[in-house]
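Examination of the molecular architecture
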Amino acid sequence: MDRFQAITAFAKVVESGSFVRAAERLGVSVSAVSRQVSELEAHLDARLLNRTTRRLSLTESGRVFYERCIQLLADLDEAEQSAGAGTIRPRGTLRLTCGTTFGARHLAPAIAEFIVRYPEMRFDVELSDRATDLVDEGFDAAVRIGAIGSQNLVGRKIGETQLVCCASPAYLAKHGEPKAPEDLVAHACLTYEYSALKNIWPFRDQEGRDRSVKVMGPVHANYGRFLTALAVEGAAIALEPDFLVGPEVRAGRLVPILRRFEVPPGNIYVVYPSRRNLSAKVRAFADFLSARFAVPDWALARRKLKAS
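Here's what I pulled together on the structure shown here. Predicted model only: the values in this text are computed from it and were never measured.

Points about the overall build of the chain
- Tallying secondary structure elements over the chain gives ten helices and 14 strands in all.
- By principal-axis analysis of the C-alpha atoms, the chain measures approximately 75 × 45 × 35 Å.
- Restricting the contact set of the chain to residue pairs at least 6 apart, pairs at least 24 apart contribute 74%.
- When the accessible surface of the chain is totalled, it reaches about 15600 Å², and 51% of it is carbon and sulfur.

Structural data, given as structure tokens:
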């Protein structure tokens, strides 16, 4: 058994989620990949993968071994680049996951610029608002807003977003404008499934006192753009990030309310599994996003809100 080839095959199976896709990426037969993984398990005397007709998943031993494998492969790749060129340039495929709205609006143009700068880079991106398991699903990194997730993950802050409490002019004309967070109890509010606080909206007054309030409303959903569209139509009040509602506020379709009260900002992170070292591609991409989002496009909406 060639242990390096077997480790590479095992890592590709985990990353791609199947023996077929791993074989396609490696340019070998499915039987060759299956044999290499089986030989690796026999060599280690440990089962690394749970195999069913529907899906593959890592065993506990497989998860620990995979963590070490991808670090080993990343270190080897960097060593080869360093020896061959004197400098380390990111290359290869970066498997990345991100929320749908932020990914489409802001991550996509960032990736487009990054691959122009580093043409040897490739991206395999999954846009999803669910909480993905980076290790179990074979992701190199995630872009997350608010909570990092598992304690086994490391998060590097690359930016910030501000939640904006807002409603349409039509809603405010019909129902009046809340003057304090407690007034929201008498209003229809839109709640978001993946919010850490669910239907608790966090506010602080100018003295720093907590003015959080429990809200209720006609719609609860797992998609921020959907809730924003409902707010524009006058269905209810929304509490959404400025990178999402900024265009609607600038166009006058939504009006910020309760501006005398502070809503804690949400940090934006690049998140990756806890390892001794980062691969060149993840490190370079995190550095790039940190510089790009230092003064992001959506900050215009934030400055406008503070000035008003």
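What follows picks up the thread again.
Side note on the sheet that holds strand β12 (residues 238-241)
- Pairing is antiparallel in the open sheet, where three strands are placed in the order β12-β7-β13. Two strands in the sheet have a free side with no partner beyond their single neighbour: β12 and β13 (255-256).
- Contacting β7 (163-167), β12 and β13, helix α8 (residues 242-250) runs over the sheet at an angle of about 110° to β12.

Here's the deal with unusual backbone geometry
- Although it is not a glycine, Asp 45 sits at a positive phi angle of roughly 55°.
- Turning to its location among the elements, Asp 45 is positioned in the loop between α3 (30-44) and β1 (49-51).
- Assessed through its relative accessible area of 73%, Asp 45 is described here as exposed.
- You will see that Leu 258, though not glycine, has its phi angle at about 55°, which is positive.
- Take Leu 258: it is sitting in the loop between β13 and β14 (266-273).

Let's talk about the sheet that holds strand β6 (residues 153-161)
- In space, the five strands of this open sheet follow the order β4-β3-β5-β14-β6, with mixed pairing throughout. The two strands at the open ends of the sheet, each matched to only one other strand, are β4 (121-127) and β6. Taken over all neighbouring pairs, the strand axes of this sheet differ in orientation by 25° on average, direction set aside.
- Alignment of strand β5 (residues 141-145) against β14, held across four bridges, turns out to be antiparallel. The partner of Arg 144 across the bridge, within β14, is Tyr 269.
- Across the face of the sheet, helix α5 (residues 100-117) comes into contact with β3 (92-98), β4, β5 and β14 while running at roughly 180° to β4.
- Those strands touched by helix α9 (residues 280-292) are β3, β4, β5, β6 and β14, and its axis lies near 20° from that of β6.

Topic: the packing of aromatic side chains
- If you walk through the whole model with that rule in mind, you get ten aromatic pairs.
- Relative to Tyr 194, the ring of Tyr 192 has its centre 5.9 Å away and its plane inclined at 80°; by these criteria the two rings are edge-to-face.
- Using a relative accessible area of 37% as the deciding quantity, one classes Tyr 194 as partly exposed.
- Ring-pair connections join several aromatic residues into one group, and the members of that group are Phe 114, Tyr 118, Phe 123, Phe 285 and Phe 288.
- Over the face of the ring belonging to Phe 139 we find Arg 95, whose NZ or CZ atom lies 4.4 Å from the ring centre.

Some thoughts on the pattern of salt bridges
- The tally for this structure, following the rule as stated, stands at 17 salt bridges.
- Here Arg 63 makes a salt bridge to Glu 60, at a shortest N to O gap of 3.4 Å. Here the residue Arg 63 and the residue Glu 60 both occupy positions in helix α4 (residues 60-85), the gap between them amounting to three residues, near one helical turn.
- Put simply, Lys 157 and Glu 160 hold a salt bridge, and the shortest N to O gap is 3.1 Å.
- Judged by its relative accessible area of 28%, Glu 160 falls in the partly exposed class.
- When salt bridges that share partners are traced, they join Glu 182, Asp 205, Glu 207, Arg 209 and Arg 211 into one network.

Reading guide: rules and limits
- Residues numbered from 1 in each chain as written.
- Predicted model: local features only at pLDDT ≥ 70, side-chain atom pairs only at ≥ 80, totals over all residues.
- Heavy atoms only, no water.
- Helix = DSSP H or I, 4+ residues; strand = E, 2+ residues; numbered from the N terminus.
- Contact = heavy atoms within 4.5 Å.
- Areas by Shrake-Rupley, 256 points an atom, 1.4 Å probe, with all protein chains shown as cover.
- Pairing = 2+ DSSP bridges.
- Axes fitted to C-alpha atoms, helices over the stretch in contact; angles between N-to-C directions.
- Buried < 20%, exposed > 50% of the residue type's maximum accessible area, 1.4 Å probe, protein only.
- Phe/Tyr/Trp six-rings, centres within 6.5 Å; stacked < 30°, edge-to-face > 60°.
- Lys NZ or Arg CZ within 6 Å of the ring centre and 35° of its normal.
- Salt bridge = Lys/Arg side-chain N within 4 Å of Asp/Glu carboxyl O.

These results come straight from atomic positions and should not be treated as a statement about function.
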